[in-house]
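This is what each chain is made of:
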Amino acid sequence: MSNIYLPNLARIVKTQNETYDTRTFEFELVDPKAKKEFKFKPGQFLEISALGVGEAPFGLASNPNRPETFQVTIRAVGAVTRALHAKKPGDLVGIRGPFGNGFPFDEYKGKNIIFVGGGIGLCPLRSLIEPMLDARSAFKDFLILYGARTPADQVYPGRLKEWEKMPEIRFGMTVDVGNADWKGNVGVVTTLFPKLIQTADNTVVFVCGPPIMIRFAIIELSKLGFKPENIVSTLERYMKCGVGKCGHCAIGHKYVCVDGPVFTYKEIGKLPEKS
Ligand SMILES: Cc1cc2nc3c(=O)[nH]c(=O)nc-3n(C[C@H](O)[C@H](O)[C@H](O)COP(=O)(O)OP(=O)(O)OC[C@H]3O[C@@H](n4cnc5c(N)ncnc54)[C@H](O)[C@@H]3O)c2cc1C
Ligand code: FES
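Since the structure is predicted, the reported quantities are computational estimates derived from the model, not experimental observations.

A. Molecular detail of the sheet that holds strand β3 (residues 45-50). If you walk across this open sheet you meet the 6 strands as β4-β3-β6-β1-β2-β5, and the pairing is antiparallel. Each end of this open sheet is capped by a strand with a single partner; those strands are β4 (54-59) and β5 (70-75). This sheet shows a mean twist of 40° between the axes of neighbouring strands, independent of strand direction. Of the pairings in the sheet, the one linking β3 to β4 comprises 6 bridges and is antiparallel in character. Each bridged residue has a counterpart across the sheet, and for E47 the counterpart in β4 is P57.

Take a look at the structure:
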């Protein structure tokens, strides 16, 4: 059995600045056999190491149907993320994973689908949105709602414009604070709910973003009749091993790295507030 703590080397294929502190990295594994065998589920994460600095977990943000290269969107907040931001195409990083449970894709077939993304919370959701769009006819109504703090805080602006124009999906976008060029909605993402959410029946909603946004989204979704088992999110916890060995990510008897990071609100409601 291969060593779960030993990273595979991956090369940065390209990078794309999203905002002033957030960048998308596209990687490919260096070893041809590992590259050929690499696959992941939407919602899974990688442990990525800036060699000589340290390792941190990041949600996969690209389409699992095209795993030859894969993308991760990283906000620079500390030592590891800043060291990753200093890297250029052609540079190498270490990769362990994919880890975690991921979204159970097939369970959502035949349902209405709603995504509620806030800020860089859209990144892990994109790994589910894209394969769902590949299999669009397997799902009923398809609604993407996205909120960013300001127009400059939007991630994937090019892809957002494409989603907005796609006839097979409904799309709503808002910013908390606009500017002179912004002609769209202004207000938090929950202000889009009454205008665009049609029904809670046979509908699953995926919510990902800052904790405050998630809190208010759940309050409003509950008022609209959504049951906790139909509200799905991904949890972030401090992690070390990523594989259920060190206990760093434990909440009660659950390890977020192996039992999550994807949980329904029915499951999260049963977890203790603090471990
Ligand atoms: C499952 C999972 C998926 C993630 N996906 C992404 C992603 O797609 N993109 C991304 O930019 N980040 C993501 N993160 C967060 C990312 O792992 C941290 O930002 C990173 O570990 C910071 O490392 P650092 O050495 O740069 O900063 P540090 O010096 O370790 O931390 C800098 C600051 O960030 C805070 N912080 C660090 N880790 C976390 C955490 N897990 N939760 C909350 N606050 C934290 C610290 O308290 C500190 O204030 C994810 C975390 C988890 C657990
Ligand atoms: S990160 Fe080690 S048990 Fe989850």
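B. Main features of unusual backbone geometry. The omega angle of the peptide bond from G97 to P98 is 10°, so this bond is cis rather than trans. You can see P98 is positioned in strand β6 (residues 92-99). The step from G260 to P261 runs through a cis peptide bond, and the omega angle for that step is 10°. By the secondary structure assignment, P261 is in the loop between α7 (256-259) and β15 (262-264).

C. Spotlight on the site of ligand 1. In the neighbourhood of ligand 1, 17 residues make up the surrounding shell, with P57, T73, R75, T81 and Y238 lying closest. Contact between ligand 1 and G78: an oxygen atom at 3.2 Å from a main-chain N or O atom of the residue. For the shell around ligand 1, the secondary-structure elements that each account for two or more residues are β4, β5 and α2 (79-85). If one sorts the elements of the shell around ligand 1 by residue count, β4 sits on top with 4 residues. Split by residue class, the shell around ligand 1 holds 10 nonpolar, 4 polar and 3 charged.

D. Here's a closer look at the pattern of salt bridges. For the structure on display, the rule yields 13 salt bridges. The partner of R159 in a salt bridge is E162, with the nearest N and O atoms 2.5 Å apart. Linking R159 with E162, this pair stays in helix α4 (residues 157-165), spanning 3 residues, or about one helical turn. Connected through salt bridges with shared partners, the residues R126, E130, R159 and E162 form a single ionic network.

E. Here's a closer look at the environment of K240. Mapped onto the fold, K240 is located in the loop between β12 (231-234) and β13 (250-251). Among the residues examined, K240 registers a relative accessible area of 52% and is labelled exposed. Distance in space between the C-alpha atoms of K240 and E47 is 8.7 Å, their sequence separation being 193 residues. Those residues within four positions of K240 in sequence are excluded, and the remaining contacts are E47, E55, R96, C246 and H248.

F. Region of the structure containing the domain arrangement of the protein. Split into domains, the protein comes out as domain 1 (8-99) and domain 2 (105-234). Inter-centroid distance (C-alpha atoms) of domain 1 to domain 2 is 24 Å. Residue-level contacts link 17 residues of domain 1 with 17 residues of domain 2. Summing both partners gives a buried area of about 1,300 Å² for domain 1 against domain 2, and 52% of it is carried by carbon and sulfur. Contact with domain 2 buries area across many residues of domain 1, yet E18, P42 and A61 alone supply 31% of it, more than any other trio. Here domain 1 is connected to domain 2 by 1 salt bridge. With a closest N to O distance of 3.3 Å, R66 and D134 form a salt bridge. In this structure, the connection of domain 1 to domain 2 is made through 8 residue pairs in polar contact (both at pLDDT 80 or more).

G. Fine view of the environment of E220. Here E220 shows up in helix α6 (residues 211-223). When the C-alpha atoms of E220 and F45 are compared, they prove to be 28 Å apart, with 175 residues separating the residues in sequence. In this structure, E220 is in contact with T190 and F193, ignoring residues within four places of it in sequence.

H. Region of interest: the packing of aromatic side chains. All chains considered together, the criterion is met by 10 aromatic pairs. Seen in terms of ring centroids, F25 and F27 are 6.0 Å apart; in terms of plane orientation they differ by 10°. Their pairing is stacked. An aromatic cluster of three or more residues is present, and its members are F25, F27, F38, F40 and F70. Positioned over the ring face of Y156 is R126, at 4.3 Å from the centre of the ring. Lying over the aromatic face of F216, R215 brings its terminal NZ or CZ to 5.2 Å of the ring centre.

Rules used in this analysis
- The numbers attached to residues start from 1 for each chain and follow its sequence in the written order.
- Chains carry letters and ligands carry numbers; both start at the beginning, A for chains and 1 for ligands, and go up in the order they are written.
- The model is predicted, so local features are restricted to residues of pLDDT at least 70 and side-chain atom pairs to those at 80 or more, both for listing and for counting; the totals for chains, interfaces and linings are taken over all residues.
- Excluding hydrogens and water, the side-chain figures rest on all heavy atoms present in the structure.
- Following DSSP output, two strands are said to pair if at least two bridges run between them.
- Helix and strand assignments come from DSSP, with helices taken as H or I runs of at least 4 residues and strands as E runs of at least 2, each series counted from the N terminus.
- Angular values range over 0 to 180 degrees, each being the angle between N-to-C directions of two axes fitted as lines to C-alpha atoms, with helices fitted over their stretch in contact.
- Think of it this way: one heavy atom of a residue within 4 Å of a molecule or strand is enough to make that residue near it.
- Side-chain atoms alone can form a polar contact between residues adjacent in sequence; in general such a contact is a pair of N or O atoms within 3.5 Å, and within protein one must be able to donate a hydrogen while the other accepts it.
- As a working rule, the residues Ala, Val, Leu, Ile, Met, Phe, Trp, Tyr, Cys and Pro are called nonpolar, Asp, Glu, Lys and Arg charged, and the rest polar, with Gly in that last group.
- By salt bridge we mean one thing: a side-chain nitrogen of Lys or Arg within 4 Å of a carboxyl oxygen of Asp or Glu.
- In this scheme, a residue with accessible area under 20% of its type's maximum is buried, one over 50% is exposed, and one in between is partly exposed, where area comes from a 1.4 Å probe on protein chains only.
- Here, two residues are considered to be in contact whenever any of their heavy atoms come within 4.5 Å of each other.
- All the domain ranges listed were derived from an automatic or database domain assignment.
- A 1.4 Å probe defines the accessible area here, and the buried area is the portion of it lost by two parts on being joined, summed over both.
- Each Phe, Tyr or Trp ring (for Trp, its six-membered ring) is paired with any other whose centre lies within 6.5 Å, and the angle between the two planes then decides the class: stacked below 30 degrees, edge-to-face above 60, tilted in between.
- Working rule: Lys NZ or Arg CZ, within 6 Å of ring centre, within 35 degrees of ring normal, means a charge sits over the ring.

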